[in-house]
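# Residue-level structure breakdown
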Amino acid sequence: SGSHRVLHRMNRNYTVETYSRQVEALRRTLPDVGLSTDLIVGFPGESEAEFEATLELVRKVRYDSFYSFEYSPRPETAAVTQYDDDVPAEVKRARLLELQRVGQEIQAEQNDAWIGRLTTVLIDGTSKRSPQDVTGRTSSNHIVNLAGDRALVGSLAEVEIIRSGLHSLYGALVSEPV
């Protein structure tokens, strides 16, 4: 959440400010770090302004990816015993869709910025979409798909990113893998 009050109610032991400072310090040290998180919308008592603060945090941090969920009561958790689930289901759904829309815009922009870059990719498997292709990850955990056979699995390859998709990058081998 981008709201200190909601974070406190979620039993998170940090504030938006301390979290933001940690992200800034991390990005100063490792400019290409890939950041991912989980986000919940519609936590009990979450106001529209607090949801907007979450959107603002997402725009500021510019996560490479995130998992997002509508709050739902979980048995035997503090939230279910302490708070009424008072955010209507339709509000939760609308907030989730808006959060995902913003996240997808950011992810598309960030993935597009990879086009033309050379990067090292650890080839870790064959593509789910094409048995003639392999997939791997950059040091910042971005998924890269490229043409190649399964003999490449387990190797490090220098790859040029040639296009981007919403959830992954597409590359071409530049040199023989190590």
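Notes on the structure follow. Since the structure is predicted, the reported quantities are computational estimates derived from the model, not experimental observations.

### Comments concerning helix H2 (residues 16–29)
- Between its first and last C-alpha atoms H2 spans 20 Å; for 14 residues at 1.5 Å apiece the expected length is 20 Å, and the two agree.
- The complete set of buried residues in H2 reads Val16, Ser20 and Val23. Buried residues along H2 cover an arc of 60 degrees about the axis, so they all sit on one side. Residues of H2 that are exposed and point more than 90 degrees away from the buried face comprise Arg21, Gln22, Arg28 and Thr29.
- Summarising the contacts, the buried residues of H2 are in contact with helix H1 (4–9) and helix H3 (48–61).

### Observations regarding unusual backbone geometry
- Within the chain, Asn11 stands out as a residue other than glycine whose phi angle is a positive 65 degrees.
- Within the element layout of this structure, Asn11 appears in the loop between H1 and H2.
- Within the chain, Glu76 stands out as a residue other than glycine whose phi angle is a positive 65 degrees.
- By the secondary structure assignment, Glu76 is in the loop between strand S2 (65–70) and helix H4 (78–82).

### Focus on the sheet that holds strand S5 (residues 143–147)
- With respect to topology, five strands assemble into a closed barrel ordered S3-S4-S5-S7-S6, the strand pairing being mixed. The mean inter-strand angle of the sheet, taken between neighbouring strand axes irrespective of direction, is 55 degrees.
- Judged from the five bridges that link them, strand S6 (residues 156–164) and strand S7 (residues 169–173) form a sheet pairing that is antiparallel. Bridging across to S7, Glu160 finds its partner in Ala172.

### Overview of the side chain of Ser168
- In this structure, Ser168 sits in the loop between S6 and S7.
- Separated by 3.1 Å, the side chains of Ser168 and Asn145 make a polar contact.
- Sequence-distant contacts of Ser168, that is, excluding residues within four places in its chain, are made with Asn111, Ile143 and Asn145.

Calculation rules
- Residues numbered from 1 in each chain as written.
- Predicted model: local features only at pLDDT ≥ 70, side-chain atom pairs only at ≥ 80, totals over all residues.
- Heavy atoms only, no water.
- Helix = DSSP H or I, 4+ residues; strand = E, 2+ residues; numbered from the N terminus.
- Expected span 1.5 Å × (residues − 1).
- Buried < 20%, exposed > 50% of the residue type's maximum accessible area, 1.4 Å probe, protein only.
- Arc of directions from axis to C-beta.
- Contact = heavy atoms within 4.5 Å.
- Pairing = 2+ DSSP bridges.
- Axes fitted to C-alpha atoms, helices over the stretch in contact; angles between N-to-C directions.
- Polar contact = N/O pair within 3.5 Å; in protein donor to acceptor, adjacent residues only side chain to side chain.

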